[in-house]
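Tertiary structure, described
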2 protein chains.
Amino acid sequence: MIRIAVDAMGGDYAPGEIIKGAVQAAGRRDDIQIILIGQEDVVREELKKYNFREGQITVQNATEVIATEEPPVNAIRKKKDSSLVVGMNMVKRGEADAIVSAGSSGAILVGGQVIVGRIKGVERPPLAPLIPTEKGVSLLIDCGANVDARPSHLVQFARMGSIYMEHVVGVKNPRVAIVNIGAEEEKGNALVKETFPLLKECPGINFIGSIEAREIPHGGADVVVCEAFVGNVILKLYEGVGATLLSKVKEGMMSSLRSKIGALLVKPALKETLKSFDASKYGGAPLLGLNGLVVKTHGNSKATEVCNSIIQCVTFKEQGINEKIRESLGREKTEEGKE
Amino acid sequence: MIRIAVDAMGGDYAPGEIIKGAVQAAGRRDDIQIILIGQEDVVREELKKYNFREGQITVQNATEVIATEEPPVNAIRKKKDSSLVVGMNMVKRGEADAIVSAGSSGAILVGGQVIVGRIKGVERPPLAPLIPTEKGVSLLIDCGANVDARPSHLVQFARMGSIYMEHVVGVKNPRVAIVNIGAEEEKGNALVKETFPLLKECPGINFIGSIEAREIPHGGADVVVCEAFVGNVILKLYEGVGATLLSKVKEGMMSSLRSKIGALLVKPALKETLKSFDASKYGGAPLLGLNGLVVKTHGNSKATEVCNSIIQCVTFKEQGINEKIRESLGREKTEEGKE
């Protein structure tokens, strides 16, 4: 039985869509138990709308809610009875294997480090969302809160990202690349130049070299390694350029009678193709390297993404990702010891 | 008379499209003189195709050509008779006011610094392309070769970018923002945190604070300041996401008979709208802060972009941008002196 805590109060569509997604996930898998965390009366009221197997979904009361705009460190420290803090404490105490939240990114990142805690040997836990590409998805690691990273951090990101991509997403021998401003080894800033040779020598990963940002949407690598500032820029620009271009396409289609008729004919096919350029079916972004699993889903997640994020936690647990990470970092230590 | 050197041998469509663009520019402005630089016989043969006013276009022989893949420093040092080096030397000696090249970016950046030279007081010359937004265009500064920039460099980029945006592109009191991973002043990496208060205090610019990458395509700022690594990632991801999304849209349109008919009806309107999401009508990317003007146009530039880049040089010269930069940096010195 895999036990997954779900923050019922975080996100733009909480608690309605969150709870709906949890019920969907419970319907898909018999071997999971879901603990909905939030204001008990509100959650129970919402749950009345659905049918589910007795005992498969339980409710854990938490009276407080963390708002998106609250300073994360304060929120985690002071709101001990918030849904996020209560849920993370359950993961810490082993009462849940994972927690899914669509709440404040900052609070999730801080809580993951401070409450759940890092796996021994992990220097920084990276946030690693999947981004859509022409060929499927790539893992963008790190998009978290680790600013001014060191080369050793990036090497760990590459290792953890490879394990996740291979065993959770199912990409065999995933191609790992470092984000750079040119393909040649001598290019880049100080961080990239120092990290490059370390990645080349790193055992257990399939390092293919540098990747220019232009190649990311084409699917030029499966695991795209960068420090969090650059990762954040990539993630958000992806959204921004996508939204702007699609609004331009819509504007064009609505600009004349002729184009409006064309739009009606084109729409169903277009919707189908654009659906393939969407990573939400894979679930949310895992915060890797923690003693347990923390998954951050989009603030605007609806039931489907919440459900997918829960299923993602199941795969993560079944595949023993954290054991694989421990082993990989332990191996690194042994290999260093040998030298 | 404004004299503009044009590297006839650089770019994917050189010399044909480059020369065609130069002839177009000459046709548009009587008060410019264009010097085409390249292998004289090749250039003259190409020029025979066109009519233009005697003396408005001259040819300067240069026997060598710099290839895109050549290491830039070597190319600039060794190929003294390449079209790029000959042209840059003309700018240096004051025989030309500006040079336009679609050749190797690396060689243009190195040549600009080494041959043309910086304006006194300019610490690093930034490359500043215009990128399309929902509202028009924004100046992305720096996308050049300056890695691991310091806060003082970014402040100069903000000043130079403002001057360019106001007087060449024509945006009154342009909004300047620094690329960041959150809107709050306390967010960011060490470079951004150090630069932020300097920009706040910087006179003569309209600093509006941080900009998240998501807001760049929406036109959230007119001058988008960042160090070159991040700038490069933004520029190239813009291209990559754009190309991938548009290919998905095409794929969707071609996927059924119904959608193909729709596509025929939609196409003209769509083309028109997408044309508005294209910055090439403004010309190429200036390398700012040099004793003269160096403009880098896309490697795949055709005649129209070459022509626009030449016209852009005219505006640059007419508006006395370099004098304004000198004045702005001189004022900075005086103000510092006062303290």
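Scope of this entry: the structure provided in the associated data block. For clarity, every value in this text was computed on a predicted model and none was experimentally measured.

Parameters at a glance
- Just so you know, the residues in each chain are numbered from 1, in the order the chain's sequence is written.
- Chain letters start at A and ligand numbers start at 1, both assigned in the order the entries are written.
- At least 70 in pLDDT is required for a residue's local features to be given in this predicted model, at least 80 for side-chain atom pairs to be given and counted, and no such filter applies to totals for whole chains, interfaces and linings, which use all residues.
- Derived side-chain values reflect all non-hydrogen atoms in the structure, with water molecules and hydrogen atoms excluded from consideration.
- Two rings belonging to Phe, Tyr or Trp (six-membered ring only in the last case) form a pair when the distance between their centres is within 6.5 Å. Interplanar angles under 30 degrees mark stacking, angles over 60 mark edge-to-face geometry, and anything in between is tilted.
- In this text, helices come from DSSP runs of H or I with a minimum length of four residues, and strands from runs of E with a minimum of two, each type numbered from the N-terminal end.
- When a residue's accessible area, from a 1.4 Å probe over protein chains only, is under 20% of the maximum for its type it is buried; when over 50% it is exposed; and in between it is partly exposed.
- Alignment of copies: least-squares fit on C-alpha atoms of residues with pLDDT of at least 70 in both copies.
- Whether two residues touch is decided by their heavy atoms; if any such pair falls within 4.5 Å, the residues are in contact.
- At least two DSSP bridges between two strands are required for those strands to pair.
- As a rule, the C-alpha atoms of each element are fitted with a line to give its axis, helices using only the stretch in contact, and angles between N-to-C directions run from 0 to 180 degrees.
- A 3.5 Å cut-off defines polar contacts: any pair of N or O atoms within that distance qualifies, except that in protein one atom must be a possible hydrogen donor and the other a possible acceptor, and neighbouring residues in sequence count only when both atoms are side-chain atoms.

Turning to the packing of aromatic side chains, a few remarks are in order. To describe a pair of aromatic rings, you give the distance between the ring centres and the angle between the ring planes. All names here are of chain A. On inspection of all chains with the given rule, the structure shows four aromatic pairs over all chains. Here the aromatic rings of Phe196 and Phe207 are separated by 5.2 Å at their centres, their planes lie at 75 degrees, and the arrangement is edge-to-face. On the criterion of sequence distance, the pair formed by Phe196 in helix α7 (residues 190–201) and Phe207 in strand β8 (residues 206–211) is long-range, its members being eleven residues apart. Summarising the burial analysis for this pair, Phe196 and Phe207 share the class buried.

What follows is about unusual backbone geometry. Residues and elements named next belong to chain A. In the segment running from Ala14 into Pro15, the intervening peptide bond is cis, with an omega of -5 degrees. Take Pro15: it is sitting in the loop between β1 (2–7) and α1 (16–28). The residue Asn173 is not glycine, and still its phi comes out positive at about 45 degrees.

For the pair chain B and chain A, the relating rotation is 180 degrees, the translation along its axis is 0.0 Å, and the fit reaches an RMSD of 0.0 Å. Seen this way, the second copy is the image of the first under a two-fold rotation axis. Taking C-alpha positions as reference, the residue of chain B nearest the rotation axis is B:Gly262, located at 1.9 Å.

Summarising the element assignment, A:Asn322 is placed in helix α11 (residues 321–338). Each residue touching A:Asn322, except ones within four places of it in the same chain, is listed here: A:Ile119, A:Leu290, A:Asn291, A:Gly292 and A:Phe316.

This part takes up the sheet that holds strand β9 (residues 223–225) of chain A. All names here are of chain A. Within the open sheet, the five strands sit side by side as β5-β6-β9-β7-β8. Their pairing is mixed. Every other strand in the sheet has two partners, leaving β5 (130–133) and β8 as the edge strands with one partner each. Direction aside, the axes of adjacent strands within the sheet are offset by 30 degrees on average. As paired elements, β5 and strand β6 (residues 136–141) share four bridges and run antiparallel to each other. Counterpart to Thr133 in the pairing with β6 is Gly136.

Relative to the helices and strands, B:Asn180 is located in the loop between β7 (175–179) and α7 (190–201). A relative accessible area of 1% places B:Asn180 in the buried class. Within polar-contact distance, the side chain of B:Asn180 engages the backbone oxygen of B:Lys187 at 3.3 Å. B:Asn180 has contacts with A:Phe229, B:Lys187, B:Gly188, B:Val192, B:Ser210, B:Ile211, B:Glu212 and B:Ala213, leaving out every residue within four places of it along the chain.

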